[in-house]
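Chain and residue survey
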Amino acid sequence: MAEKNTELADFLRRARSQGDASRAGLPADGRVRRVPGLRREEVAFLAGVSTDYYARLEQGRRIVPSPSVVDAIGRALGLDQAGRAHLADLIGLGSGSVQPRTRPVQRVRPGLYQLLDALGDAPVLVLGRRAHVLAQNRMGRALFTDFERFPAPRRNYARWMFLDDGARSLFVDWEEQARAAVENLRLEAGNDPADRATAALIAELREASDEFAAWWTEHRVYQRTYGSKRLRHPVVGDLTVEYETLALPGDPDTTLYVYSAEPGSPSQRALSLLASWSLTATPAER
């Protein structure tokens, strides 16, 4: 319990340090700010709670605010939707102990494999909990890597991003993409803190990657549902791909990432060339 309360306290302090008093509409009080961000009493004022109440919450005391207070604190700290969800998850931990547990292994339905094949030349990755790669189509393998060459427990997008030299050389914007992987994993860890596999992955990455360890301590959370990636592909050269995420209503823990390029652009031509190459390349070349 103490460790979980520490997570909440750390998140609140870091969120407060990133607040902007002028943007929050607080009146100037003439005092010089020696540290960036909001003061505790300012967050309390904006949230409509006492300074003592907020201070005890930030200290990780056993307090379980009402949903309306949680929402008010999220607004006071300027949190986005992902940040507010993470805050609610962390505060919910105070209501009782959470026992570590192992969740069932995720499986991909045959119909989903058919869908991947039907999408043809659009690269697709299917990610499950903790960014585990459950499946990919031919173009997904060609654009990124063949995750099936890894042992099943190690087919993880975040792990590949940090521990595989191929990922570092593939992404022109590697730091941006790697930070996104940390922020997504941080959000998921808060959502399901009892999952042993998530805890094991985080421990492994913190031990093996100095970048991951440093960014993990920043306690930033963000959920990207669309965006772009800049690649320097070993076969077709530089290209930029856009991605959209598609959630499956029947399996909320599974997400499809579908990639495309702007019509008529050099990136689209590069994708078309990659599609042709993927049809003729040998397994060793891929």
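Residues numbered from 1 in each chain as written. Predicted model: local features only at pLDDT ≥ 70, side-chain atom pairs only at ≥ 80, totals over all residues. Heavy atoms only, no water.

Side-chain positions along a regular strand alternate between the two faces of the sheet. Burial of the side chains of strand β1 (residues 124-127) extends over both faces: V124 and V126 are buried on one face and L125 and L127 on the other. When β1 meets strand β5 (residues 251-260), the two strands line up antiparallel, connected through 4 bridges. Counted as the bridge partner of L127 is T255 from β5. Strand direction decides the pairing type here: β1 and strand β2 (residues 133-136), joined by 3 bridges, are antiparallel. Looking at β2, one finds that L125 is bridged to Q136. Between β1 and β2, which pair antiparallel and follow one another directly, the connecting turn spans 5 residues, one of which, R130, has a positive phi of 50 degrees. (Buried < 20%, exposed > 50% of the residue type's maximum accessible area, 1.4 Å probe, protein only. Helix = DSSP H or I, 4+ residues; strand = E, 2+ residues; numbered from the N terminus. Pairing = 2+ DSSP bridges.)

So, about the sheet that holds β2. Pairing within the open sheet is antiparallel, and its 5 strands lie in the order β2-β1-β5-β4-β3. At either end of the open sheet lies a strand with only one pairing partner, and these are β2 and β3 (226-233). On average, adjacent strands in this sheet sit at an angle of 25 degrees to one another, irrespective of strand direction. Strands β3, β4 (237-248) and β5 of the sheet are contacted by helix α13 (residues 266-280), whose axis makes an angle of about 80 degrees with β4. (Axes fitted to C-alpha atoms, helices over the stretch in contact; angles between N-to-C directions. Contact = heavy atoms within 4.5 Å.)

Once that is clear, we can look at the packing of aromatic side chains. Inspection of the entire model under this criterion finds 14 aromatic pairs. Look at Y243 and Y257: their rings are 6.2 Å apart centre to centre, the planes differ by 45 degrees, and that puts the pair in the tilted class. You can see Y243 sitting in strand β4 and its partner Y257 sitting in strand β5, a full 14 residues away along the chain. With respect to class, Y243 is no different from Y257; both count as buried. In textbook terms, an aromatic cluster arises when at least three aromatic residues are bridged by ring pairs, as seen for F144, F147, F150, Y157, W160, F171, Y243, Y257 and Y259. The ring of W174 has R168 sitting right over it, with the charged end atom 4.1 Å from the ring centre. Of note, R186 hangs over the ring of W216, and the distance from its end group to the ring centre comes to 4.0 Å. (Phe/Tyr/Trp six-rings, centres within 6.5 Å; stacked < 30°, edge-to-face > 60°. Lys NZ or Arg CZ within 6 Å of the ring centre and 35° of its normal.)

Once that is clear, we can look at the environment of Y157. By secondary structure assignment, the location of Y157 is in helix α8 (residues 157-163). Using a relative accessible area of 9% as the deciding quantity, one classes Y157 as buried. For the pair Y157 and A167, spaced 10 residues apart in the sequence, the C-alpha separation amounts to 9.7 Å. Aside from chain neighbours lying at most four places away, what touches Y157 is L125, L127, A131, V133, F147, F171 and K229.

This brings us to unusual backbone geometry. The residue R130 is not glycine, and still its phi comes out positive at about 50 degrees. You can see R130 is positioned in the loop between β1 and β2. Judged by its relative accessible area of 14%, R130 falls in the buried class. Its identity as a non-glycine residue notwithstanding, A131 has a phi of 60 degrees, on the positive side. Looking at where A131 falls in the secondary structure, it is placed in the loop between β1 and β2.

Along the chain, S265 falls in the loop between β5 and α13. Engagement of the side chain of S265 in a polar contact is seen with the backbone oxygen of E262, the distance being 2.6 Å. (Polar contact = N/O pair within 3.5 Å; in protein donor to acceptor, adjacent residues only side chain to side chain.)

Enumeration according to the criterion identifies 20 salt bridges in this entry. A salt bridge links R186 to E7; the shortest N-O distance between them is 2.6 Å. A residue pair is termed long-range when its members are at least 10 positions apart, and R186 in helix α10 (residues 174-191) and E7 in helix α1 (residues 2-17) qualify at 179 residues. Salt-bridge contacts for R40 lead to E58; the nearest nitrogen and oxygen are separated by 2.9 Å. Within this pair, whereas R40 is found in helix α2 (residues 40-47), its partner E58 is found in helix α3 (residues 51-58), the two being separated by 18 residues in sequence. A relative accessible area of 26% places R40 in the partly exposed class. (Salt bridge = Lys/Arg side-chain N within 4 Å of Asp/Glu carboxyl O.)

All right, on to the confidence of the model for the protein chain then. Caution applies to low-pLDDT regions: their predicted coordinates should not be interpreted in detail. When the pLDDT values of the protein chain are averaged, the result is 87; 88% of them are 70 or greater. Within the model, the stretch residues 93-97 combines pLDDT values under 50 with 10 contacts to residues more than four positions away or in other chains. (pLDDT = per-residue confidence, 0-100.)

With that out of the way, let us pick up the side chain of R16. Tracing the backbone through its elements, the reader meets R16 in helix α1. When sequence neighbours within four positions are dropped, the list of residues in contact with R16 reads G37, L38, R39, R40, V43, Y54, E58 and L77.

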